[in-house]
Amino acid sequence: AIGEGRRVLVVDDNEINTIVACELLACLGFVTDTASSGEAAIELARRQSYDVILMDCEMPVMDGFDTTRELRNLHQSGWVHLSPYGPFLFVAVTALALAGQLERCLRSGMNAHLAKPISRTAFARTLRDVFDAEQMDETELGYFRPNRSTAVFGDDTETPALNWPDVVQRCGDSEETSFDVIRMFKEQLPQQFSELKDSLD
């Protein structure tokens, strides 16, 4: 598998996004660590070598752009050491599909860009490109084939409130993880609505 023997740091302040990313990475054979802030990511990267860092761009206090620049500076100063497998790689993860966003990511020192919500095929393609792994065979890519289940939640006469096959695909074909993610999302909604109302006010 493309991830065999490789370690990834997932940096995201959203727990649901972190769970989904880790599930997808585990299916590809990666070992993952997580950080919920730029500061935490820097501390981990000073203690452990990573083959790639998935960096959420829109984090509070220290965003992904500043964190990436700081990690690049620390590496140049010798405070962050490289994995034996290759160069120091960053993949930006952002919810903003704005013109110039990719250029901003590259300027800050990132190697590639993924837009949220993360598509499984885009995820595989990006990692393959980043690791220059064009030799991935069909067995490695097979995990990314669509789930043929047609089950959905919602009223059949209307657009489903939830596309269950798509959720399961985005969670690494794990129904258990999918249920956990939905449960967490439901628990977090009241707080998110409250924060949204405060922001609007």
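Residues numbered from 1 in each chain as written. Predicted model: local features only at pLDDT ≥ 70, side-chain atom pairs only at ≥ 80, totals over all residues. Heavy atoms only, no water.

**Overview of the nonpolar core**
Nonpolar side chains tend toward joint burial in soluble globular proteins. As a reminder of what qualifies: Throughout, nonpolar core names a set of buried Ala, Val, Leu, Ile, Met, Phe, Trp, Tyr and Cys residues whose side chains join them through atoms within 4.5 Å. Exposure is judged per residue with a 1.4 Å probe applied to protein chains only, and the accessible area is read against the type maximum: over 50% gives exposed, under 20% gives buried, and values in between give partly exposed. Secondary structure elements are taken from DSSP: a helix is a run of H or I of four residues or more, a strand is a run of E of two residues or more, and numbering for both begins at the N terminus. In what follows, a contact means two residues having at least one pair of non-hydrogen atoms within 4.5 Å.
Ranked by internal contacts, the top residues of the largest apolar core, which has 26 residues, are Leu25, Leu54 and Phe123. Those elements giving two or more residues to this core turn out to be strand 1 (7-11), helix 1 (15-27), strand 3 (52-56), strand 4 (90-94), strand 5 (112-115), helix 5 (120-130) and helix 8 (175-200). If one sorts the elements of this core by residue count, helix 1 sits on top with six residues. For Leu54, the contacting residues outside a window of four places in its chain are Val8, Leu9, Val10, Val11, Ala21, Leu25, Val91, Val93 and Phe123.

**Quick word on the layout of surface pockets**
For clarity, the threshold we go by: Here a cavity denotes grid points, spaced 1 Å and computed from the protein atoms alone, that fit a 1.4 Å probe unable to get out, and a pocket denotes an open set having protein on both sides within 12 Å along at least 5 of 7 lines; residues with an atom within 4 Å of a point are the lining. Grid points are joined across faces, edges and corners, and a volume is the space filled by probe spheres set on the points. For this classification, the nonpolar set comprises Ala, Val, Leu, Ile, Met, Phe, Trp, Tyr, Cys and Pro, the charged set comprises Asp, Glu, Lys and Arg, and every other residue, Gly included, is treated as polar.
Of the pockets and cavities examined, the largest pocket occupies roughly 690 Å³. Broken down by secondary-structure element, the contributors of at least two residues to the lining of the largest pocket are strand 1, helix 1, strand 3, helix 7 (164-170) and helix 8. Among the elements that take part in the lining of the largest pocket, helix 8 stands out by supplying seven residues, more than any other. Residue composition of the lining of the largest pocket, by class: 17 nonpolar, four polar and six charged.

**Focus on the pattern of salt bridges**
Definition in use: The term salt bridge refers to a pairing of a side-chain nitrogen on Lys or Arg with a carboxyl oxygen on Asp or Glu at a separation within 4 Å.
Tallied over the full model, the rule gives three salt bridges. Among the ionic pairs, Arg69 bridges to Asp66, the shortest N-O distance being 2.6 Å. In this pair, Arg69 and Asp66 both sit in helix 3 (residues 64-76), three residues apart, roughly one turn of the helix. Judged by relative accessible area, Arg69 falls into the partly exposed class, the value being 36%. In this structure, Lys197 engages Asp201 in a salt bridge whose closest nitrogen and oxygen atoms are separated by 3.1 Å. Of the two residues, Lys197 and Asp201, neither departs from the other in class, the shared state being exposed.

**A short note on the packing of helix 1 against helix 8**
Heads up, the rule is: Under this scheme, a helix contributes an axis fitted over its contacting stretch, all axes are lines through C-alpha atoms, and angles between N-to-C directions fall in the 0 to 180 degree range. These descriptions rest on fixed angle ranges, namely under 35 degrees for roughly parallel, over 145 for roughly antiparallel, 65 to 115 for roughly perpendicular, and the rest for oblique.
The N-to-C vectors of helix 1 and helix 8 enclose an angle of 170°; their axes lie 10 Å apart at closest approach. One finds that helix 1 runs roughly antiparallel with respect to helix 8. Residues Glu15, Ile16, Ile19, Val20 and Glu23 of helix 1 form the contact with helix 8, whose participating residues are Thr177, Val181, Met184, Phe185 and Gln188. For the contact of helix 1 with helix 8, the class distribution of residues is six nonpolar, two polar and two charged.

**As for the environment of Gly64**
Looking at where Gly64 falls in the secondary structure, it is placed in helix 3. The class for Gly64 is buried, based on a relative accessible area of 0%. Expressed as a C-alpha distance, the spacing of Gly64 and Ala92, which sit 28 residues apart in the sequence, is 7.6 Å. When near neighbours in sequence (up to four residues on either side) are disregarded, Gly64 contacts Met55, Asp56, Cys57, Met59 and Met110.

**Considering the state of the cysteines**
Here a disulfide denotes a covalent bond joining the sulfur atom of one cysteine to the sulfur atom of another. Let me state the cut-off plainly: The disulfide criterion is simple: two cysteine sulfur atoms within 2.5 Å.
Considering all chains together, one arrives at zero disulfides under this definition. Residue Cys57 stays outside any disulfide, its sulfur separated by 4.1 Å from that of Cys105, the closest cysteine. A relative accessible area of 2% means that Cys57 is categorised as buried.

**Concerning the confidence of the model for the protein**
Applicable threshold: Per-residue confidence from the predictor is reported as pLDDT, a score between 0 and 100.
Here the protein shows a mean pLDDT of 76. Residues at 70 or above account for 79%. Contacts for the low-pLDDT stretch residues 133-158, under 50 throughout, to residues beyond four places or in other chains number 42 contacts.

**Some words on the sheet that holds strand 4**
Inclusion rule: Any two strands with at least two DSSP bridges between them are considered paired.
Read from one edge of the open sheet, five strands run 2-1-3-4-5, paired in parallel fashion. Of all the strands in the sheet, just strand 2 (31-35) and strand 5 have a single pairing partner and so form its edges. On average, each strand axis in the sheet is tilted by 20° relative to the strand beside it, whichever way the strands run. On top of the sheet, helix 2 (residues 38-47) reaches strand 1 and strand 2; it is set at about 140° to strand 2, its chief contact. Most of the contacts of helix 5 go to strand 5, to which it runs at about 175°, and overall it touches strand 3, strand 4 and strand 5.

**Observations concerning the packing of aromatic side chains**
This is how the line gets drawn: Put simply, two rings from Phe, Tyr or Trp (the six-membered ring, in Trp's case) pair if the centres are within 6.5 Å, and we call them stacked under 30 degrees between planes, edge-to-face over 60, tilted for the rest. Consider the ring centre and the ring normal. A charge sits over the ring if Lys NZ or Arg CZ is within 6 Å of that centre and within 35 degrees of that normal.
For the structure on display, the rule yields zero aromatic pairs. When the ring centre of Phe65 is taken as origin, the NZ or CZ atom of Arg104, which lies over that ring, is 3.8 Å away.

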